[in-house]
Amino acid sequence: MRVSTGIYHDARSVTRAVRALLSASVPADSIRVVIREPSGAERDVPVRDEAGVLRGALTGGVIGAALGAVGMAVLTVSVSLSSGDGPLGADPLGSAIRGALTAAAAGVTLGALIGIGRWKGMPKLDRGALERGSAVVSVHSDALADTAVRVLSETGGEEVETTEAES
C-alpha cells in the first residue's frame, strides 16, 4: 500500500486539503489527518464521509421550488396585467407549479454539487496546536497516489511524498 503525505501548519490549509481530496473522489476512509503537537504527542482527527450531497440536494430543491413558484406566479400576473387580460387572464397557479418544478430540479442539482467535498473536521482542529506543531494529511491508496500528491501539492502541503507503507 502506498501512502502519500503532506505537512500543514494551519487549520485552514488542512481543511482545504481534505476538501480538495474529497472533491477529487478520494474516499474518506483513505484519508487520515494526524495532529503532531510540539510535545511529540499525536492525535487523529477523524475524516468521515460527510459530503452532504443529500442535505444539499434537499435544501436546494426546497429553495428552488419556493423561488420558482413565486417568480413564475409574479411573472404571469405581471404579463397578464400588461397585456390587458387582467390579473387572472393567464394561469398564475399553473405557471407557479411549472416554475416550482423547474426550479426545484435545478435546485436539487445545484444543492447536491455544493454539498460535495464538505468536511466538518475543522472545528476539531486545535489552532494553537497547529501554530506550534503540524498536521499530516495522508492518503492510503495505491490507485490514488498520483492524485493525492497533486492535490496535497496544490493545497500547500510541505514535504509532499509517497512511500510504501510497512506491513
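The following refers to the structure shown. (Residues numbered from 1 in each chain as written. Predicted model: local features only at pLDDT ≥ 70, side-chain atom pairs only at ≥ 80, totals over all residues. Heavy atoms only, no water.)

Another point: the nonpolar core. One finds V14, V18, L21, I31, V33 and V137 to be the most contacted residues of the largest nonpolar core, which totals 19 residues. Those elements that provide at least two residues to this core are α1 (11-23), β2 (31-36), β4 (134-140) and α5 (145-154). Tallying contributions element by element places α1 first for this core, with five residues. (Core = buried A, V, L, I, M, F, W, Y, C linked by side-chain atoms within 4.5 Å. Buried < 20%, exposed > 50% of the residue type's maximum accessible area, 1.4 Å probe, protein only. Helix = DSSP H or I, 4+ residues; strand = E, 2+ residues; numbered from the N terminus.)

Next up on the list: the sheet that holds strand β3 (residues 42-45). A sheet is described by the order of its strands in space; here five strands give the open sequence β3-β2-β4-β1-β5, paired in antiparallel fashion. At either margin of the open sheet sits one strand with a lone partner, and together these are β3 and β5 (158-164). For this sheet, the mean inter-axis angle between neighbouring strands, taken without regard to orientation, is 25 degrees. In terms of strand pairing, β2 meets β4 through six bridges, oriented antiparallel. Note that in β4 the partner of R36 across the bridge is S134. Packing of α1 onto the sheet brings it into contact with β1 (2-8), β2 and β4, and relative to β4 it is tilted by some 10 degrees. Docked against the sheet, α5 engages β1, β4 and β5, running at close to 5 degrees with respect to β1. (Pairing = 2+ DSSP bridges. Axes fitted to C-alpha atoms, helices over the stretch in contact; angles between N-to-C directions. Contact = heavy atoms within 4.5 Å.)

One can find S30 in the loop between α1 and β2. Relative accessible area serves as the criterion here: at 11%, S30 is assigned to the buried category. Sequence-distant contacts of S30, defined by excluding residues within four places in its chain, comprise S138, V139 and H140.

All right, on to the pattern of salt bridges then. This structure, assessed with the given rule, holds two salt bridges. The salt bridge partner of R36 is E42, with a shortest N-O separation of 3.3 Å. Using a relative accessible area of 38% as the deciding quantity, one classes R36 as partly exposed. One salt bridge connects R150 with E154, and the closest N-O pair in it is separated by 3.4 Å. Note that R150 and E154 are positioned in helix α5 at a spacing of four residues, about one turn of the helix. Accessibility expressed as a relative area gives 58% for E154, which makes it exposed. (Salt bridge = Lys/Arg side-chain N within 4 Å of Asp/Glu carboxyl O.)

Turning our attention to α5. Looking at α5, one finds that the buried residues are A145, A148, V151 and L152. The buried residues of α5 all sit within an arc of 130 degrees when viewed along its axis, so they share a single face. Seen from the buried face of α5, the exposed residues on the opposite side, beyond 90 degrees, are D146 and E154. Summarising the contacts, the buried residues of α5 are in contact with β1, α1, β4 and β5. Immediately downstream of α5, the backbone of G156 shows phi near 90 degrees, a positive value. (Arc of directions from axis to C-beta.)

The values are spatial; any link to function lies outside them.
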